[in-house]
Amino acid sequence: MKVASHAADLFRHVSADKADFYRCIMDVFAAAKRQYRLQLRPDEVLGEAGWPGPPPLLEEVNAALAQLTAWGNLESHPDMARVSSLDDYYRARFLYRLSQ
């Protein structure tokens, strides 16, 4: 039963509130995969998505990426490449990629 529940979660973004928002994000990851770009940062997602209106705030993109990760659509990994200070080290930064 766990597998069925996990499989159902993978498609929650299609019928969730903000489904268009989630679809824009998933489209960015699909396009990146076709270009062999496996991991994206939130600011890259924000800049590359075809938003239907004005672009959202980066915080909104971060929240959507976290939700898509919770549903199993994406995987997140700590992003240490942009750490330049101790404060940066303790701030959560992630790279995201499509899940299996």
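Calculation rules
Residues numbered from 1 in each chain as written. Predicted model: local features only at pLDDT ≥ 70, side-chain atom pairs only at ≥ 80, totals over all residues. Heavy atoms only, no water. Helix = DSSP H or I, 4+ residues; strand = E, 2+ residues; numbered from the N terminus. Buried < 20%, exposed > 50% of the residue type's maximum accessible area, 1.4 Å probe, protein only. Contact = heavy atoms within 4.5 Å. Expected span 1.5 Å × (residues − 1). Phe/Tyr/Trp six-rings, centres within 6.5 Å; stacked < 30°, edge-to-face > 60°.

Enquirer: Go over the overall build of the protein, please, and point to the residues and values.
Expert: Along its length, the protein carries six helices and two strands. In the protein, the order of α-helices and β-strands from amino to carboxyl end is α-α-α-α-α-β-α-β. A total of 100 residues make up the protein; the buried ones form 29% of that total. Within the protein, contacts between residues separated by at least 24 positions form 58% of all contacts whose residues are at least 6 apart in sequence.

Enquirer: Talk me through helix α3 (residues 19–34); I want residue IDs and the actual numbers.
Expert: Residue pairs spaced three or four apart in an α-helix point in one direction, given the helix's 3.6 residues per turn. Taking 1.5 Å of rise per residue, 16 residues should cover 22 Å, and α3 covers 22 Å from first to last C-alpha, within 8% of that figure. Ala-19, Phe-21, Tyr-22, Cys-24, Ile-25, Met-26, Val-28, Phe-29 and Ala-32 are the residues of α3 that are buried. A positive backbone phi angle near 60° is found at Tyr-36, which sits one or two residues after α3.

Enquirer: Got a sec to walk through the packing of aromatic side chains? Specific residues and values, please.
Expert: Aromatic rings in a pair are described by how distant their centres are and how their planes are angled relative to each other. By the definition in use, this model includes four aromatic pairs. Pairing Phe-21 with Trp-51 gives two aromatic rings, centres 5.2 Å apart and planes at 25°, and the pair type is stacked. A residue pair is termed long-range when its members are at least 10 positions apart, and Phe-21 in helix α3 and Trp-51 in the loop between α4 (42–48) and α5 (58–71) qualify at 30 residues. Pair check on accessibility: Phe-21 and Trp-51 agree, each one buried. When the centroid spacing of 6.3 Å and the interplanar angle of 55° are considered together, the rings of Phe-94 and Tyr-96 count as tilted. Here Phe-94 falls in the partly exposed class, since its relative accessible area comes to 31%. You can call Tyr-96 buried: its relative accessible area is 5%.

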